[in-house]
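Single-letter residue listing:
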Amino acid sequence: MEEQPNLLELAERPLVQAEGAGSAEKGIPKLRRVDRAQTMMANIYVEELIPADHKARAIWELAGRLDLDGFAEALKTQAGAAGRPAWDPRLLVSVWVYAYSEGIGSAREIERLLEYEPGMQWLCGLSSINHHTLSDFRVKHKKALDELFAQMLALLEKEELLSLERVMHDGTKVRAQAGSDSFRRHKTVQEHLERARKVVEEMGDPREDRDRREGARDRAARERAERLERVAEELEKIRATKEPAEREAARVSLTEPEARLMKHGDHAITPGYNLQISTDAKQKAIVGIHLSQCSSDAQSLPAAVEEIEKNLGRKPQQMVVDGGYTNRGSMEAMAAQQVDLIGALTDPQERSAATLKGMGIDPAFAPQFFVWDQTTNTLRCPAGQPLDYKGQSRKSGNLYRQYQAQAAHCEACEFRSQCCPKSSNGRIVSRLEAENEAVAAMRRKMDTAEAKQIYRQRGEVAEFPNAWIKDKIGLRKFHVRGLAKAGMEAVWAGLTYNVQLWIRLVWRKRAPQAA
Ligand code: SF4
């Protein structure tokens, strides 16, 4: 076996083999080698780490223009007093916005980047910041963060980048930290809770003297019991939304009780939150962002308008939404708030294919294929048999009339397995007689060419920030646990999106001066 050269021999070898040194004749490739056995001194001028048009400079400049006093209120260190100085909120805000703009949401990752990433090094002047400091800053200043988001919107409004004349609203599911395997039913939660309560009870009076180790163990046991109390409370909330027969099957996460199992864009059912985003149509600025625990969008529209009003001091003139939001409650709420609503409506006669499938009915035998005969007030089924009038009912402000086929006709019908496979009394069909007035007015509006043209813009505007936040900012899964903290991370993402909009449409259009 060939003997390996030692370090001294390697250090003595030339870095680059001299030209014409004879290697050509022998066919040996001429290679450039590195020398790691050397000491080097480098001069770093921090200002020159990044070019004049680097976005870190834009973020720093912007943070300097915003009022960040709210972040400084909780600081314990005071100028002139003893103790280590705290990091400047302008710096920490800039670091987080810059990190999110690079698709990084981990405090540990930022700490690593501070060692070598030029934008981070420039922002922090080559200093390092502990990841605990960064993590705490992200979730400890909710009021100040909300105010910062609102200030950013005021700045965009001043630059005429938003108008609130037309706002597109949409929701997207973002995964929670909790795993699917952390979900438990009522019985298991109660068992865990009883055990935790018993441990706390047996610990006795917390004021009694304890050594450090015992004190830490007691504190951990109490925190566990408190967490399980919250888990039990959240489970009760979930159970309250279920039909009595489904309550036993309700489950809650032991590690993140506020997360909910919901269907995501990739059809996987995993713990998550429903991120609701309102986007101004003028330049696609995010004017409202909040989290919902409900997987359905149906109830989210009034909260979205409230959020916009909180951020900008006034309501939007028009909200544009997809069919998930256009229910009677939302229509009446928007009418009461004098917000014009544009949204897709489904034909109430058309039961969705999924609902029909659940009833075992072939879509070809949906209610709209039963023809009404005004003279006899009967329906005629696809097999030509009559369905007699049985009565009427009201649901969600709509008036329905029920009709039923004769059991004998259905029994003998060749289409029975497709039309009424689960009934032995003859097919029953509900026919919409009179629609709720708010819904009927909305339907008339949506039949106009103008409303259709506005609605066609919805997808492009509303889905752009959703995709940006997931693909560029990297928020496919929250980095923090719980509704409050995840809600704050959503605001950081929305803030970063708006800052990037400002950089693109305002800061880059000015000729940036070399610092
Ligand atoms: S099953 Fe009854 S209602 Fe359905 S098509 Fe046949 S006869 Fe008509």
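Keep in mind it's a predicted model, so treat the numbers as computed, not measured.

Caption draft 1: Representation of the overall build of the protein chain within the structure. The number of helices and strands found in the protein chain is 20 helices and 13 strands. The globule rule puts the C-alpha radius of gyration for 515 residues at 24 Å, and the 32 Å found for the protein chain is more than 25% above it. Along the three orthogonal principal directions, the C-alpha set of the protein chain runs to about 105 × 70 × 70 Å. Counted over contacts in the protein chain with a minimum sequence separation of 6, partners at least 24 positions apart contribute 67%.

Caption draft 2: Spotlight on the site of the ligand. Taken together, Cys381, Ala383, Gln385, Ala405, His409, Cys410, Cys413, Cys419, Cys420 and Arg427 make up the full set of residues adjacent to the ligand. Structurally, the ligand is housed in the largest cavity. For the shell around the ligand, the class distribution of residues is seven nonpolar, two polar and one charged.

Caption draft 3: Molecular detail of the pairing of strand 6 (residues 286-292). Burial of strand 6 is extensive: seven of the seven residues sit out of reach of the surface. Taken together, the six bridges between strand 5 (residues 269-280) and strand 6 define a ladder with antiparallel strand orientation. Among the inter-strand pairings, Ile277 is bridged to a residue of strand 6, identified as Ile289. The hairpin turn running from strand 5 into strand 6, its antiparallel successor, is five residues long, and Lys284 in that turn takes a positive phi close to 65°.

Caption draft 4: Molecular detail of helix 9 (residues 142-158). For helix 9, built from 17 residues, the straight-helix expectation of 24 Å at 1.5 Å per residue is met to within 8% by its first-to-last C-alpha distance of 24 Å. Looking only at helix 9, the buried set comprises Ala144, Leu145, Asp146, Leu148, Phe149, Ala150, Met152, Leu153, Leu155 and Leu156. Considering only its buried residues, helix 9 is in contact with helix 3 (55-65), helix 4 (69-72), helix 5 (89-101), strand 6, helix 12 (301-312) and helix 20 (483-507). Glu160 sits one or two positions beyond helix 9 and adopts a positive phi of about 60°.

Caption draft 5: Geometry of the layout of surface pockets. Its volume calculated, the second largest pocket comes out at about 410 Å³. Lining of the second largest pocket is provided by 14 residues; of these, Ala74, Leu75, Thr133, Asp136 and His141 occupy positions nearest its centre. At the level of elements, helix 5 and helix 8 (131-139) are the ones that each hand at least two residues to the lining of the second largest pocket. For the lining of the second largest pocket, the per-class residue count stands at eight nonpolar, three polar and three charged.

Caption draft 6: Spotlight on empty space enclosed by the protein. If you walk through the whole model with that rule in mind, you get three cavities of 30 Å³ or more. Estimates place the volume of the largest cavity at around 100 Å³. Along the wall of the largest cavity there are 15 residues; nearest its centre are Cys381, Ala383, Cys410, Cys413 and Cys419. Of all the elements in the fold, those that place two or more residues in the lining of the largest cavity are helix 15 (407-411) and helix 16 (416-419). Taken as a whole, the second largest cavity spans an internal volume of roughly 70 Å³. Forming the boundary of the second largest cavity are Ile59, Leu62, Ala63, Leu66, Val93, Val97, Leu148, Leu495 and Val499. Of all the secondary-structure elements, those providing two or more residues to the lining of the second largest cavity are helix 3, helix 5 and helix 20. Within the lining of the second largest cavity, the residues separate by chemical class into nine nonpolar, no polar and no charged.

Caption draft 7: Representation of the packing of helix 3 against helix 20 within the structure. One can describe the packing of helix 3 onto helix 20 by two numbers: an axis separation of 11 Å at closest approach and a directional angle of 105°. Regarding the angle of helix 3 to helix 20, the classification is roughly perpendicular. Between helix 3, through Lys55, Arg57, Ala58, Ile59, Glu61, Leu62 and Arg65, and helix 20, the contact on the second element is made entirely by Val499, Trp502, Ile503 and Trp507. Considered class by class, the residues forming the contact of helix 3 with helix 20 number seven nonpolar, no polar and four charged.

Caption draft 8: Geometry of the nonpolar core. Met319 and Trp502 are the most contacted members of the largest nonpolar core, which totals 95 residues. No other element matches the 14 residues that helix 20 contributes to this core. Ignoring anything within four residues of it in the chain, the contact list for Met319 reads Val167, His169, Ser278, Leu301, Ala304, Val305, Ile308, Met334, Val339, Asp340, Leu341 and Ile342. Phe365, Leu379, Cys381 and Cys410 belong to the second-largest nonpolar core, a separate cluster that totals 14 residues.

Caption draft 9: Examining unusual backbone geometry more closely. Even without being glycine, Leu164 reaches a positive phi, approximately 65°. Topologically, Leu164 is positioned in the loop between helix 9 and strand 1 (167-175). Unlike most non-glycine residues, Gln338 shows phi in positive territory, near 55°. Examined against the element boundaries, Gln338 turns out to sit in the loop between helix 13 (328-336) and strand 8 (340-343). Among the residues examined, Gln338 registers a relative accessible area of 73% and is labelled exposed.

Caption draft 10: Just the environment of Asn327, in detail. Among the secondary structure elements, Asn327 is positioned in the loop between strand 7 (318-321) and helix 13. Taking relative accessible area as the criterion, Asn327 reaches 22% and is therefore assigned partly exposed. Along the chain, Asn327 and Ala344 lie 17 residues apart, while their C-alpha atoms are 10.0 Å from each other. Within the structure, Asn327 has its side chain in polar contact with the backbone nitrogen of Gly329 (distance 3.2 Å).

Rules of the game
Residues numbered from 1 in each chain as written. Predicted model: local features only at pLDDT ≥ 70, side-chain atom pairs only at ≥ 80, totals over all residues. Heavy atoms only, no water. Helix = DSSP H or I, 4+ residues; strand = E, 2+ residues; numbered from the N terminus. Rg over C-alpha atoms; globule rule 2.2 N^0.38 Å. Contact = heavy atoms within 4.5 Å. Near = heavy atom within 4 Å. 1 Å grid on protein atoms, 1.4 Å probe; cavity = no way out; pocket = protein on both sides within 12 Å on 5 of 7 lines; lining within 4 Å. Sits in = over half its atoms within 2 Å of the grid points. Nonpolar A, V, L, I, M, F, W, Y, C, P; charged D, E, K, R; others polar. Buried < 20%, exposed > 50% of the residue type's maximum accessible area, 1.4 Å probe, protein only. Pairing = 2+ DSSP bridges. Expected span 1.5 Å × (residues − 1). Points joined across faces, edges and corners; volume = space filled by probe spheres on them. Axes fitted to C-alpha atoms, helices over the stretch in contact; angles between N-to-C directions. Parallel < 35°, antiparallel > 145°, perpendicular 65-115°, else oblique. Core = buried A, V, L, I, M, F, W, Y, C linked by side-chain atoms within 4.5 Å. Polar contact = N/O pair within 3.5 Å; in protein donor to acceptor, adjacent residues only side chain to side chain.

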